[in-house]
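# Architecture and fold: a report
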Amino acid sequence: MPRQFFVGGNFKMNPITRESKLALAKTLNDAQIDPSVEVVIAPPAIYLLSLREVIRPDVKVAAQNAHYKPNGAFTGEISPAMLADAQIPYVILGHSERRTLFHETSDLVAQKTRAAIETGLSVILCVGETLAERESNKTTQVIEEQLKPVVDTLSEEQWSKIVVAYEPVWAIGTGKVATAAQAQETHAAIRAFLAKAVSPAVSENTRIIYGGSVTAANCKELSKQLDVDGFLVGGASLKPEFVDIINARK
Ligand code: PEP
């Protein structure tokens, strides 16, 4: 069965006002969206429920992070159990901003991933190399090291709840997008790793999406690549061009 094209919008710590949140929802609500695409938007936690109330039902809402414990003395955190109770179906984990700015290790990301999945959530799992790592030919090694703790902690069945987002750190928010060939090469390497480390079926069925300076102008070429199953979009998800990215394969 072909993998369903997936487009996620990571709003990061935007927008600042409730009015601009409503404007973003209106843009999507008024748009013609390719019905074959799974669309998920990830606003800041404070807007999860209010955005879900106003957004069209075929667009899902995701959290940008979650703890691994169901509850407890973890000031400022949100748990997977709370997200599940609020019927938020997805959570982004392992984003490079969380890995770098908030010092999240791959082991912690794996722990969170397992907790989220065991609580019934689906996970957009982000991996990616820095520029220095790419330039020293370590891209595949780095990504395999990021994926390995997740492979070690999940059962084969649990992989049906994972979307892998390949997001080269040098492309995030920089305007410097990976070429279609670079994206395809790395996505194919991730798929080969999943075949070897988990199973051929998981490798075949897992969606691997690309993130890093995706725009309306570059999405079509990227979307034609065999192993590119969609996008995780940051900056452009706050703009009307997000609709063009969702419809990249149309
Ligand atoms: C992201 O934050 O996941 C991202 C891909 O950002 P941008 O599209 O702005 O590079």
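Residues numbered from 1 in each chain as written. Predicted model: local features only at pLDDT ≥ 70, side-chain atom pairs only at ≥ 80, totals over all residues.

Naming follows an unreviewed UniProt entry, where the protein appears as Triosephosphate isomerase of Somion occarium. Annotation of the protein in UniProt includes, under Catalytic activity (unreviewed entry), the sentence "D-glyceraldehyde 3-phosphate = dihydroxyacetone phosphate". (UniProt positions renumbered as here; feature names shortened; annotations may be inferred.)

Another aspect to go through is the confidence of the model for the protein. Here the protein shows a mean pLDDT of 97. Residues at 70 or above account for 100%. Listed scores for the predicted complex are pTM 0.98 and ipTM 0.98. (pLDDT = per-residue confidence, 0-100.)

On to the packing of helix α7 (residues 139-153) against helix α8 (residues 180-197). In contact at an axis separation of 10 Å, α7 and α8 are set at 40° when each is read in the N-to-C sense. Relative to α8, α7 is oriented oblique. α8 is crossed by α7, and the crossing has right-handed handedness. Contacts between α7 and α8 involve T139, T140, I143, E144, L147 and V151 from the former and T186, A189, I190, F193 and A197 from the latter. Here the residues of the contact of α7 with α8 sort into seven nonpolar, three polar and one charged. (Axes fitted to C-alpha atoms, helices over the stretch in contact; angles between N-to-C directions. Helix = DSSP H or I, 4+ residues; strand = E, 2+ residues; numbered from the N terminus. Parallel < 35°, antiparallel > 145°, perpendicular 65-115°, else oblique. Left-handed = near helix turned anticlockwise from the far one by under 90°. Contact = placed C-beta atoms within 7 Å. Nonpolar A, V, L, I, M, F, W, Y, C, P; charged D, E, K, R; others polar.)

A few words on the site of the ligand. Neighbouring the ligand are 14 residues, the closest being N10, I172, G211, G234 and G235. In terms of residue class, the shell around the ligand is built from five nonpolar, seven polar and two charged. (Near = placed C-beta within 6 Å.)

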